[in-house]
Each structure stands twice: as structure tokens, then as C-alpha cells.
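Secondary and tertiary structure notes
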Amino acid sequence: MRKSYKSAKHVILIFFTILTLMIPTKYSLADNESTIGFIIEANQMEGTPLGMLLAVGDTADEKARSMLELKFADSSVNGLKIKKLVKTQNGIVTTKITSNEMVHFQTLTLKVSNAEFKDIYVPELGKIGFHDIKLLAHNVETNAANLPQFVLEFETGDTLELQPKNEQELQTIKNTLENLFPPS
């Protein structure tokens, strides 16, 4: 009985988190608003890589933009910060979600147009880890996440911290990751 209560609690928490990201603010009600993407930052991220490939996707500024698709299983993230960036006629509006506790994702798929990290390491056989990772993501998917005690904030007048990289630069990032952890 206790386990189903915890599972229901997590589902409700995830639902409200997603709902919060979709709430418009008074600054983002302009007719020509568009989502730029998500800046995802973490002090540390570890997970089992399921695949890395170059993909094509649409962004607010460009159709058919080259992206790097990263897939992970059993991921843990420490010091998670998610910023949803929306371009409006009044400038960029940012919705920020932060958590200082460990966040777990059963599966995690990211389509990114920029990826920066301080270093890459192998925490244990079959896993990959990153320190000080920062991603410009345009698509984020997960089937189960545990996001404990998060803080939600809204800001206006922010700037775009990361610019999308071209296909050749994304290929270089992909090659770097595959050299450390070859695809199976």
C-alpha cells in the first residue's frame, strides 16, 4: 500500500511540474511567442548510455536544425537547473526549475543543439558521467522521473546563454562521447 502511495505521489509531482512549464506568464501572452528551448545544467550527471546519434529537428528559429540525440537509462542528476526560454515581443521570458537534491530518471532522451561539460568520466562499468554539464535542448522526454523539492521562478529580460552548434561541431561532440563509451 505504501509503495503505490509513493508512486501516485511521484506521478502527481511530475504532472504538476510539466503543467507549470506550460503556464504562460503575463509577459509571454504575446501573439508571436515561441519557445527557444531548454537550458539544462547540472553539477553532475551519470547514466547508462543507450545511444547517441545525429538527428534533425525543428526549433523556434530554424526548421530542420542538426541536433545530437542522447539517450540514457537509469540516470541520476545532482544540482539540476532547467530553464525554459520563451521569446516574446517583450524579450526572453525564463521559467526556472531548480533542485538541490539528487534527481533520478528511469529513461531520458534529449535532443540538443549544444552541449558543454567540464569533463567526462566512467563512474562504473557501463555508465558515463559528466561534471558541470550544460545543454541547449529542444526536446526532452522521460518516462519516469523523481524530482524532489524543486524551486520554481520566473524571470524576464534574460539572454540566450548557449548558441546552437552546427552539424560538424555536434559530430565532434558525438565522436568525443563515443571514444569514451563506444556504441554497443
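The shown structure was predicted, so the numbers you read here are calculated from the model rather than taken from an experiment.

**Concerning helix 2 (residues 167-180)**
With 14 residues, helix 2 should cover 20 Å at 1.5 Å per step; its first-to-last C-alpha distance of 20 Å lies within 8% of that length. Of the residues making up helix 2, those classed as buried are Leu-170, Ile-173, Lys-174, Leu-177 and Glu-178. Seen along its axis, helix 2 keeps its buried residues to an arc of 130 degrees; they face one direction. Facing away from the buried side of helix 2 by over 90 degrees, the exposed positions are Gln-168 and Asn-179. On its buried side, helix 2 packs onto strand 1 (34-57), strand 2 (65-78), strand 5 (103-116), strand 6 (119-121) and strand 7 (128-142). Its side-chain oxygen 3.0 Å from the backbone nitrogen of Gln-168, Asn-166 forms the N-cap of helix 2.

**Focus on the pairing of strand 3 (residues 80-88)**
For strand 3, the tally of buried residues reaches seven of nine residues, placing the bulk of the element in the interior. Where strand 3 hands over to strand 4 (residues 91-99), the hairpin turn is made up of two residues, counted between the paired strands.

**A closer look at the side chain of Asn-114**
Along the chain, the position of Asn-114 falls in strand 5. A distance of 2.6 Å separates the side chain of Asn-114 from the backbone oxygen of Gln-163, its partner in a polar contact. Beyond its immediate stretch of four places on either side in the chain, Asn-114 contacts Lys-134, Leu-135, Leu-136, Leu-162, Gln-163, Lys-165 and Leu-170.

**Topic: the pattern of salt bridges**
Evaluation of the coordinates by the stated rule reveals six salt bridges. Ionic pairing is found between Arg-65 and Glu-62, a salt bridge with its closest N-O pair at 2.9 Å. According to the relative accessible area criterion, Arg-65 is buried, its value standing at 14%. When the shortest N-O distance is used, the salt bridge between Glu-178 and Lys-174 registers 2.9 Å. Separated by four residues within a single helix, Glu-178 and Lys-174 lie in helix 2, roughly one turn from each other. Grouping residues by exposure puts Glu-178 and Lys-174 together as buried. Salt bridges sharing partners connect three or more residues here, namely Glu-69, Lys-71 and Lys-111.

**What to know about unusual backbone geometry**
One non-glycine residue, Asp-74, adopts positive backbone phi at about 45 degrees. Within the fold, Asp-74 resides in strand 2. The phi dihedral of Asp-132 is positive, around 50 degrees, even though this residue is not glycine.

What counts as what
- Residues numbered from 1 in each chain as written.
- Predicted model: local features only at pLDDT ≥ 70, side-chain atom pairs only at ≥ 80, totals over all residues.
- Heavy atoms only, no water.
- Helix = DSSP H or I, 4+ residues; strand = E, 2+ residues; numbered from the N terminus.
- Expected span 1.5 Å × (residues − 1).
- Buried < 20%, exposed > 50% of the residue type's maximum accessible area, 1.4 Å probe, protein only.
- Arc of directions from axis to C-beta.
- Contact = heavy atoms within 4.5 Å.
- Polar contact = N/O pair within 3.5 Å; in protein donor to acceptor, adjacent residues only side chain to side chain.
- Pairing = 2+ DSSP bridges.
- Salt bridge = Lys/Arg side-chain N within 4 Å of Asp/Glu carboxyl O.

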